[in-house]
Amino acid sequence: MIRRAFLYSTVLLASLWASLPAQAQVQIDNFSQADHNHMRQQVQSIETLVQMRMGTRLRGDLSDLSTLQTIIDRGLIEQDDILRLQALGAVLGNVMEAEVEQLHWKIYEDEEGRSRALCIANTQHCLFPITMLSRRMTVGLKPNVQEIYDNAMELIAPYLPQLPYTGTDYN
């Protein structure tokens, strides 16, 4: 009876194991020169928009969050202009990278494709700011940039290395 139960449980576990999806293969690489150029062009397109339509500049710090929010609130980018909507995400990501020194732009590649991501060194813990705004905006939403930023920082905070003499507030 015990032998039969053991055999049954072994077969059940084996079938469950076989039904689980294979572990996704993830590769994280440094940006190529082309990636850097593409990112620079995206950010420059938003910089030009900000200068022409708002009379200000991107600063590469937390103040850019309110600039992004103004762009969204004023509807300065059409919801079908995917490249420029993703450029907003590049600006958002640059703010994240500037504020959290452990985050760096990388190329994240998995079975879904190739993405630009902010990753913690030597881990697979990444944020994907390029699409954080665009995915919402393409369906007609007006996202709250500060809330998205805060949520992203909250999600990544447990995985950030604790450096000496620093607190856990990464905002």
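Below is a short write-up of the structure. All figures in this text were calculated on a predicted structure; none of them were measured in a lab.

### Side note on the overall build of the protein chain
If you tally the helices and strands in the protein chain, you get six helices and four strands. Going residue by residue from the N terminus, the α and β elements of the protein chain occur as α-β-α-α-α-β-β-β-α-α. Within the protein chain, counting contacts between residues at least 6 apart in sequence, those at least 24 apart form 58% of the total. With an accessible surface of roughly 11000 Å², the protein chain has 53% of that area assigned to carbon and sulfur atoms.

### Points about helix α6 (residues 145-156)
For α6, spanning twelve residues, the distance from its first C-alpha to its last is 17 Å, which sits close to the expected 16 Å at 1.5 Å a residue. If you check which residues of α6 are buried, you get Val145, Ile148, Tyr149, Ala152, Met153 and Ile156. Projection of α6 onto a plane perpendicular to its axis shows the buried side chains occupying an angular sector of 130°, all on one side. Opposite the buried face of α6, at more than 90 degrees from it, the exposed residues are Glu154 and Leu155. Packed against the buried residues of α6 are α3 (63-74), α4 (82-99), β2 (103-110), β3 (113-120), β4 (126-127) and α5 (134-137). Capping the start of α6 is the job of one residue whose side-chain oxygen sits 3.1 Å from the backbone nitrogen of Gln146: Asn144.

### Description of the state of the cysteines
Note on terminology: a disulfide is the covalent bond linking the sulfur atoms of two cysteines. Evaluation of the coordinates by the stated rule reveals one disulfide. With its sulfur 2.1 Å from that of its partner, Cys119 forms a disulfide with Cys126. Across the S-S bond of Cys119 and Cys126 the torsion is about 105°, and the bridge reads as right-handed. By the burial criterion, Cys119 is buried, and Cys126 matches it.

### Considerations on the pattern of salt bridges
Taken as a whole, this structure holds two salt bridges when the rule is applied. The shortest N-O distance in the salt bridge between Arg114 and Asp35 comes to 2.9 Å. Taken as a pair, Arg114 in strand β3 and Asp35 in helix α2 (residues 33-54) lie far apart in primary sequence, 79 residues in all. On the basis of relative accessibility, which here comes to 8%, the residue Asp35 falls in the buried class. With a shortest N-O distance of 3.7 Å, Glu47 and Arg57 are connected by a salt bridge. With Glu47 in helix α2 and Arg57 in the loop between α2 and α3, the pair connects residues that are ten residues apart, well separated along the chain.

Conventions we followed
- Residues numbered from 1 in each chain as written.
- Predicted model: local features only at pLDDT ≥ 70, side-chain atom pairs only at ≥ 80, totals over all residues.
- Heavy atoms only, no water.
- Helix = DSSP H or I, 4+ residues; strand = E, 2+ residues; numbered from the N terminus.
- Contact = heavy atoms within 4.5 Å.
- Areas by Shrake-Rupley, 256 points an atom, 1.4 Å probe, with all protein chains shown as cover.
- Expected span 1.5 Å × (residues − 1).
- Buried < 20%, exposed > 50% of the residue type's maximum accessible area, 1.4 Å probe, protein only.
- Arc of directions from axis to C-beta.
- Polar contact = N/O pair within 3.5 Å; in protein donor to acceptor, adjacent residues only side chain to side chain.
- Disulfide = S-S within 2.5 Å.
- Salt bridge = Lys/Arg side-chain N within 4 Å of Asp/Glu carboxyl O.

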